[in-house]
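Chain and residue survey
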Amino acid sequence: MHCPQCGTENPGGARFCLNCGASLARACARCDTELGEVAWRQGNHGLAERHLQAALALAQQTGALDVKALAWQWLGSAAFSRGHFDEALRFATESQLLYEQIGDRHGLAATLNVMGNITGMLQPACEEARAYYAQSLALAREIGDQRAEAVALVNIGHADRQAGLYDTARDHLEQAVGIFEEIGERSGGAMAAINLGEVCLEQGQDAAAWGHFREAIGESADLGALPLVLYALTSL
């Protein structure tokens, strides 16, 4: 573990830097948050939650509100993935309030996307979900956060498809694919491709749909992202 103050590499589990004596609690909290994110992307939601709860406890000790907000955000995503939508909404709301408190607009843009996903599951066809996505998209574009912009476009495209607005869905999803390619975000590109495949499938364009699904499965398999592979396969 690198000391945030002097850069010295310390043994795992060390609470203070062996060189300068600085507390490593904040660094530990950040690491646990990142490990939680990785575990969530790999579909290991139980491990993700353990890392994220540890991050919350350490962030509470050190007063690291940015780490705490990020941990709440990923806990919301983990609860969402397990189908615990009320709990997910509570976690995501905590994240939103903290990001607003500390003025972290990048974090807020990401959390607004999560809020939209959760609200959409709690109240299908609810305009509140689309409003969250629109807020995230506008904020992401204002601050130049391309990843948050692309995620919002995928979510809006998904909502468009559910509403039968196939042309606008395709437009939003193709914009997302272009951004993900530009920033090298392969998992995001795979998710956008799956959604494009679903649009094509519902329009009876089976060959085009299979092309998008095949692309998504290949990318997801290369990344070891089993949940994305399964999502693409169940969409066929």
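Report on the accompanying structure. (Residues numbered from 1 in each chain as written. Predicted model: local features only at pLDDT ≥ 70, side-chain atom pairs only at ≥ 80, totals over all residues. Heavy atoms only, no water.)

Topic: the overall build of the chain
What counts, and what does not: By the criteria applied, helices consist of DSSP H or I runs no shorter than four residues and strands consist of E runs no shorter than two, each listed in order from the N terminus. The buried label goes to any residue with under 20% of its type's maximum accessible area, the exposed label to any with over 50%, and the partly exposed label to all in between, with areas taken from a 1.4 Å probe on protein chains only. Only heavy atoms enter the contact rule, under which two residues are in contact if any of them lie within 4.5 Å. In this description, accessible areas are obtained by the Shrake-Rupley approach with a 1.4 Å probe, and a residue is regarded as covered only by the protein chains that are shown.
Summing up its helical and strand segments, the chain has 11 helices and 0 strands in all. The N-to-C order of helical and strand elements in the chain reads α-α-α-α-α-α-α-α-α-α-α. Within the span of the chain, comprising 236 residues, buried residues form 46% of the whole. Nonlocal contacts in the chain, meaning residues at least 24 apart in sequence, comprise 47% of its contacts between residues at least 6 apart. Counting every atom, the chain has about 11300 Å² of accessible surface; 54% of that belongs to carbon and sulfur.

Quick notes on the environment of Glu 149
Mapping Glu 149 onto the fold places it in helix H7 (residues 146-162). It is 8.3 Å that separates the C-alpha atoms of Glu 149 and Ile 179, two residues lying 30 residues apart in sequence. Sequence-distant contacts of Glu 149, defined by excluding residues within four places in its chain, comprise Leu 137, Ala 140, Arg 141 and Ile 179.

Digging into the pattern of salt bridges
We apply this condition: Criterion for a salt bridge: a side-chain nitrogen of Lys or Arg within 4 Å of a carboxyl oxygen of Asp or Glu.
Applying the stated criterion across every chain, the model contains 10 salt bridges. Taking the shortest distance from any N to any O, the salt bridge between Arg 141 and Glu 149 comes out at 3.0 Å. Residue classification places Glu 149 among the buried residues on the basis of a relative accessible area of 15%. The salt bridge partner of Glu 185 is Arg 147, with a shortest N-O separation of 3.2 Å.

Regarding H7
We apply this condition: A helix is expected to span 1.5 Å multiplied by its residue count minus one. Counting of polar contacts relies on pairs of N or O atoms within 3.5 Å, with two restrictions inside protein: one atom must be capable of donating a hydrogen and the other of accepting it, and residues adjacent in sequence are counted only when both atoms are side-chain atoms.
If you check H7, its first and last C-alpha atoms are 24 Å apart, about what 17 residues at 1.5 Å a residue would give, namely 24 Å. With 12 of 17 residues buried, H7 lies mostly within the body of the structure. Burial in H7 covers these residues: Ala 148, Glu 149, Ala 150, Ala 152, Leu 153, Val 154, Asn 155, Ile 156, Gly 157, Ala 159, Asp 160 and Arg 161. With a side-chain oxygen lying 3.3 Å from the backbone nitrogen of Arg 147, the N-terminal cap of H7 falls on Asp 145. Gly 164 occupies a position one or two residues after H7 and carries a positive phi of about 80°.

Side note on the packing of helix H2 (residues 45-62) against helix H3 (residues 65-81)
So the rule is basically this: The axes are straight lines fitted to the C-alpha atoms, using for helices just the contacting stretch, and the angles between their N-to-C directions are given from 0 to 180°. Here roughly perpendicular refers to angles of 65 to 115 degrees, roughly parallel to angles under 35, roughly antiparallel to angles over 145, and oblique to all remaining angles. For any pair of crossing helices, the crossing counts as left-handed if the nearer helix is rotated counterclockwise from the farther one by less than a right angle, and right-handed if it is rotated clockwise. Note on residue classes: Ala, Val, Leu, Ile, Met, Phe, Trp, Tyr, Cys and Pro are nonpolar, Asp, Glu, Lys and Arg are charged, and everything else, Gly too, is polar.
At a minimum axis distance of 9 Å, the contact between H2 and H3 shows a crossing angle of 155°. One finds that H2 runs roughly antiparallel with respect to H3. Classified by chirality, the crossing of H3 by H2 is left-handed. Contacts between H2 and H3 pair His 45, Glu 49, Leu 52, Gln 53, Ala 55, Leu 56, Ala 59 and Gln 60 from the former with Val 67, Lys 68, Ala 71, Trp 72, Trp 74, Leu 75, Ala 78, Ala 79 and Ser 81 from the latter. Split by residue class, the contact of H2 with H3 holds 11 nonpolar, 4 polar and 2 charged.

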